[in-house]
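# Inside the fold
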Amino acid sequence: MANVAVIGTQWGDEGKGKIVDLYAEKADVVARFQGGNNAGHTLVVKGRKTILHLIPSGILHNGKTCIIGNGVVFDPFVFLEELEELKRGDLLPPDTKLRISEKAHLIMPYHRRIDQAREARSSGKKIGTTGRGIGPAYEDKAARTGIRVGDLYEENLFREKLRQALEEKNFLLANFFHEKPLDEEEIAAQYLACAEKIKPYVADTSLILDREARQGRKILFEGAQGSHLDVDHGTYPYVTSSNTVAANASSGSGVGPHLLDRVVGICKAYTTRVGEGPFPTELKDEIGDHLQKVGQEFGATTGRKRRCGWLDMVLIRQAVRVSGISALAITKLDVLTGLDKVKICVGYKTAEAEHTHALPSSNAKLAACEPVFEEFDGWKEDISHAREIAELPANTRKYLKRLEELADARIILVSVGPGREETIVLEDPFLNKNL
Ligand code: IMP
């Protein structure tokens, strides 16, 4: 019996929602450890599409404990809205426990305003953020001026922290961004009212996880975004503001690293990216359009069209190395169906060097890289009914085999459609000791 961390190997949107939902069935506890409502995990259950931004995807299964860890930046209003939406759709099972770390940092209205104002500045460098205030909330956390969920229950402290924060933020909003300042009393009233509503869910989640682990219960750590949006290891500055790699599953949820038994990397059969930043295998042609349309590649949070391109194994190998990934779940393989030829990028070339295992950390060098492709014959057959690798066309199997060789990690699951059942399951990461 093991605990499993699920990590995106690309720039997010790998289809983690579906895999986390499948694995949640086997787990007892599902914990988010980073990011906030910039994430968007799309799940299709009984033909119905549900998008979760903040609440762990495990919530749809009965009897699970779902944790929003200390490493998450938490917007309490989004949380309540999502909870209401789940209740309305009768999707909240009766015996599911939901807990929020008292140490998670709150996203405040000034975080959203500053995030959006920065992106709107024509002279500024656009990151293409989701505009949810994620970066500014993490900035305050690191600057030690953040307000934590637990602070809501010490009213004087909360008001004092808010007053101090607004002194600075309103100066910035008014004098630098030339925007209207925010009203302290209004924010205090809103947050304090919200505090009462979320109170039953607030806890020391590190203690809960420890207790569950000691009882031998299985924990699923649910990563958000992807390896190449990691603030240290991604294509900086076109990244999110948290560590998305597996190691943060430990510090972002308050458990020791010994509890991270297996790391499963989620790898879409092609590559997408939302927002700005380098993208060596991007396709700005009809094949890119095919991937975008057939793959329904719209940002789950912002609705933006995702940029699309061929599978890039330099990205995957770097992700495998940095997160200690031993197993891969391949998603959206069905989207490639119908293409005459499919390609895999096996490395990049520049005048001076070849890059096969790591992206150059300089964006200028990365921009100068030419992707080197291997080309494969495509397949026309509908693969969404396949439940075994043997049921896939020979060309599809060849593509997967080469992917696995290049990744240096075992494929343990292949998703051939959005539904829970449209999946080829090869190995169970909770049980297999050899992964
Ligand atoms: P932020 O996380 O809103 O600050 O956005 C920073 C960058 O990360 C932008 O390029 C976003 O498009 C990207 N990003 C953030 N969250 C996600 C996600 O869940 N999927 C894909 N891209 C994301």
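Here's a quick rundown of the structure. (Residues numbered from 1 in each chain as written. Predicted model: local features only at pLDDT ≥ 70, side-chain atom pairs only at ≥ 80, totals over all residues. Heavy atoms only, no water.)

## Description of the overall build of the chain
- Tallying secondary structure elements over the chain gives twelve helices and 20 strands in all.
- Along the first, second and third principal axes, the C-alpha set of the chain runs to 65 × 55 × 40 Å.
- Evaluated residue by residue, the chain yields a buried proportion of 58% over its 435 residues.
- Long-range contacts, defined as pairs at least 24 residues apart, comprise 77% of the intrachain contacts of the chain with a sequence gap of at least 6.
- Accessible surface computed for the chain: about 18400 Å², of which carbon and sulfur atoms make up 49%.
- Of the side-chain charges in the chain, 59 are positive and 62 negative, and the distance between the mean point of each set is 1 Å. (Helix = DSSP H or I, 4+ residues; strand = E, 2+ residues; numbered from the N terminus. Buried < 20%, exposed > 50% of the residue type's maximum accessible area, 1.4 Å probe, protein only. Contact = heavy atoms within 4.5 Å. Areas by Shrake-Rupley, 256 points an atom, 1.4 Å probe, with all protein chains shown as cover. Lys, Arg positive; Asp, Glu negative; His and termini not counted. Charge placed at Lys NZ, Arg CZ, Asp CG, Glu CD.)

## Describing the environment of Val 320
- Locating Val 320 in the fold gives a position in helix 10 (residues 313-323).
- It is 7.9 Å that separates the C-alpha atoms of Val 320 and Asp 408, two residues lying 88 residues apart in sequence.
- Setting aside residues up to four positions removed in sequence, Val 320 forms contacts with Ile 325, Ala 407, Asp 408 and Ala 409.

## A short note on the pattern of salt bridges
- Throughout the structure, instances matching the rule amount to 27 salt bridges.
- When the shortest N-O distance is used, the salt bridge between Arg 306 and Asp 13 registers 3.2 Å. Of this pair, Arg 306 sits in the loop between helix 9 (286-294) and strand 13 (307-309) while Asp 13 sits in the loop between strand 1 (4-8) and helix 1 (16-24), and the two are 293 residues apart along the sequence.
- When the shortest N-O distance is used, the salt bridge between Glu 374 and Arg 402 registers 2.7 Å. (Salt bridge = Lys/Arg side-chain N within 4 Å of Asp/Glu carboxyl O.)

## Let's talk about the sheet that holds strand 10 (residues 219-222)
- Taken in spatial order, the ten strands of this open sheet run 9-7-5-2-10-1-11-15-19-20, and their pairing is mixed. The open sheet has two free edges, formed respectively by strand 9 (202-203) and strand 20 (423-425), since each of these has just one partner strand.
- With five bridges joining them, strand 11 (residues 262-268) and strand 15 (residues 327-331) adopt parallel strand pairing. By the bridge assignment for strand 15, Lys 268 is matched with Thr 331. (Pairing = 2+ DSSP bridges.)

## Describing the layout of surface pockets
- What the second largest pocket holds in volume is close to 170 Å³.
- If you go around the second largest pocket, you meet 15 residues; those closest to its centre are His 233, Gly 234, Gln 318, Leu 359 and Ser 361.
- Among the elements that make up the lining of the second largest pocket, the one with the highest residue count is helix 10 (three residues).
- For the lining of the second largest pocket, the per-class residue count stands at six nonpolar, seven polar and two charged. (1 Å grid on protein atoms, 1.4 Å probe; cavity = no way out; pocket = protein on both sides within 12 Å on 5 of 7 lines; lining within 4 Å. Points joined across faces, edges and corners; volume = space filled by probe spheres on them. Nonpolar A, V, L, I, M, F, W, Y, C, P; charged D, E, K, R; others polar.)

## Considering the packing of helix 10 against helix 12 (residues 394-407)
- Two numbers describe how helix 10 lies on helix 12: the axes approach to 9 Å, and their chain directions differ by 50°. Comparing their axes, helix 12 and helix 10 come out oblique. When you trace helix 10 past helix 12, the crossing you get is right-handed. Across from Met 313, Ile 316, Arg 317 and Val 320 in helix 10, the residues of helix 12 making contact are Leu 403, Leu 406 and Ala 407.
- Broken down by class, the residue content of the contact of helix 10 with helix 12 amounts to six nonpolar, no polar and one charged. (Axes fitted to C-alpha atoms, helices over the stretch in contact; angles between N-to-C directions. Parallel < 35°, antiparallel > 145°, perpendicular 65-115°, else oblique. Left-handed = near helix turned anticlockwise from the far one by under 90°.)

## So, the pairing of strand 19 (residues 410-415)
- The element strand 19 is extensively covered by neighbouring structure, given that five of its six residues are classed as buried.
- Sheet analysis places strand 15 next to strand 19, joined by four bridges and oriented parallel. Across the sheet, residue Leu 328 finds its bridge partner in strand 19, namely Ile 411.
- Judged from the three bridges that link them, strand 19 and strand 20 form a sheet pairing that is antiparallel. Note that in strand 20 the partner of Val 414 across the bridge is Ile 424.

Read these as layout, nothing more, since geometry by itself doesn't imply function.
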